[in-house]
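As a plain string of letters, each chain reads:
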Amino acid sequence: MRDRRGRSPRPVPVSRALGELKRRIAPETPLAEAQAAWPGAVGERIAGVTEVVEEVDGTLYVECRGAVWGQELAMMEPRLREILGSAMEGPAPREIRFRAVN
């Protein structure tokens, strides 16, 4: 496939192409938006031990690896909610609840 000038298109990194595809096919729900924004909002370390699993009436439920993480993140909840809300286009969650899983 060539452009109007007869040149071949430049290759696109797979990670970028998959990210664009993921954004296009993701459902437009508060949960999907929170799941997409979570890693960038909270950072690699927290994202590595957590998973956004549910949204019910404005409350976001996040599973985390172990009770200690659950307690620490619960204490950080107001700040995490603020950061996540800034990263989301839609309304921010009213509350984030953390559940420990092993």
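Please read all numbers here as calculations on a predicted model, not as lab measurements. (Residues numbered from 1 in each chain as written. Predicted model: local features only at pLDDT ≥ 70, side-chain atom pairs only at ≥ 80, totals over all residues. Heavy atoms only, no water.)

J.: Would you take a moment to explain the sheet that holds strand β3 (residues 95-101) for this structure?
T.: Through backbone hydrogen bonds, the strands of a sheet pair up, either in parallel or in antiparallel fashion. On the basis of which strands lie adjacent, the open sheet formed by three strands has the order β1-β2-β3 and mixed pairing. If you trace the sheet from one side to the other, it starts and ends with β1 (50-56) and β3, each paired once. The average angle at which neighbouring strand axes cross in this sheet is 25°, direction not considered. Alignment of β1 against strand β2 (residues 59-65), held across six bridges, turns out to be antiparallel. The partner of Glu54 across the bridge, within β2, is Tyr61. Here helix α2 (residues 30-42) sits on the sheet in contact with β1, β2 and β3, set at roughly 160° to β1. (Pairing = 2+ DSSP bridges. Helix = DSSP H or I, 4+ residues; strand = E, 2+ residues; numbered from the N terminus. Axes fitted to C-alpha atoms, helices over the stretch in contact; angles between N-to-C directions. Contact = heavy atoms within 4.5 Å.)

J.: Looking at this model, I keep getting lost on the confidence of the model for the chain. Mind explaining?
T.: Low-pLDDT portions of the prediction should not be read for the details of their coordinates. Overall, the prediction assigns the chain a mean pLDDT of 88, with 86% of residues at 70 or greater. Here helix α1 (residues 14-25) stands out as the element of the chain with the lowest mean pLDDT, 68, in contrast to β2, whose mean of 97 is the highest. (pLDDT = per-residue confidence, 0-100.)

J.: Would you explain the nonpolar core in this entry?
T.: In globular proteins that are soluble, nonpolar side chains generally tend to be buried together. In terms of nonpolar packing, the biggest core is built from 16 residues, with Trp38, Leu60, Val62, Leu80, Leu84, Ile96 and Phe98 touching the most fellow members. Taken together, the elements giving at least two residues each to this core come down to α2, β2, α5 (77-87) and β3. Looking at this core element by element, the count peaks at five residues for α2. With residues up to four places along the chain from it excluded, the contact list for Val62 reads Trp38, Thr50, Glu51, Val52, Ile96, Arg97, Phe98 and Arg99. (Core = buried A, V, L, I, M, F, W, Y, C linked by side-chain atoms within 4.5 Å. Buried < 20%, exposed > 50% of the residue type's maximum accessible area, 1.4 Å probe, protein only.)

J.: What should I look at first to understand the side chain of Thr59 in this one?
T.: Tracing the backbone through its elements, the reader meets Thr59 in strand β2. Beyond its immediate sequence surroundings of up to four residues, Thr59 is in contact with Glu54, Glu95 and Arg97.

J.: Even after reading the chapter, I still don't get the packing of helix α4 (residues 67-75) against α5, so can you show me in this structure?
T.: To describe two helices that pack against each other, one gives the angle between their axes and the distance between the axes. Taken N-terminus to C-terminus, the directions of α4 and α5 make an angle of 70°; their axes are 5 Å apart at the nearest point. For the element pair α4 / α5, the angle class is roughly perpendicular. Contact residues: Leu73, Ala74 and Met75 in α4; Glu77, Pro78 and Leu80 in α5. Residue composition of the contact of α4 with α5, by class: five nonpolar, no polar and one charged. (Parallel < 35°, antiparallel > 145°, perpendicular 65-115°, else oblique. Nonpolar A, V, L, I, M, F, W, Y, C, P; charged D, E, K, R; others polar.)

J.: Would you explain the packing of α2 against α5 in this entry?
T.: At a closest axis distance of 9 Å, the pairing of α2 and α5 adopts a crossing angle of 120°. For α2 against α5, the interelement crossing comes out right-handed. On α5, the residues touching Ala34, Ala37, Trp38, Ala41 and Val42 of α2 are Leu80, Ile83, Leu84 and Ala87. Split into classes, the residues belonging to the contact of α2 with α5 amount to nine nonpolar, no polar and no charged. (Left-handed = near helix turned anticlockwise from the far one by under 90°.)

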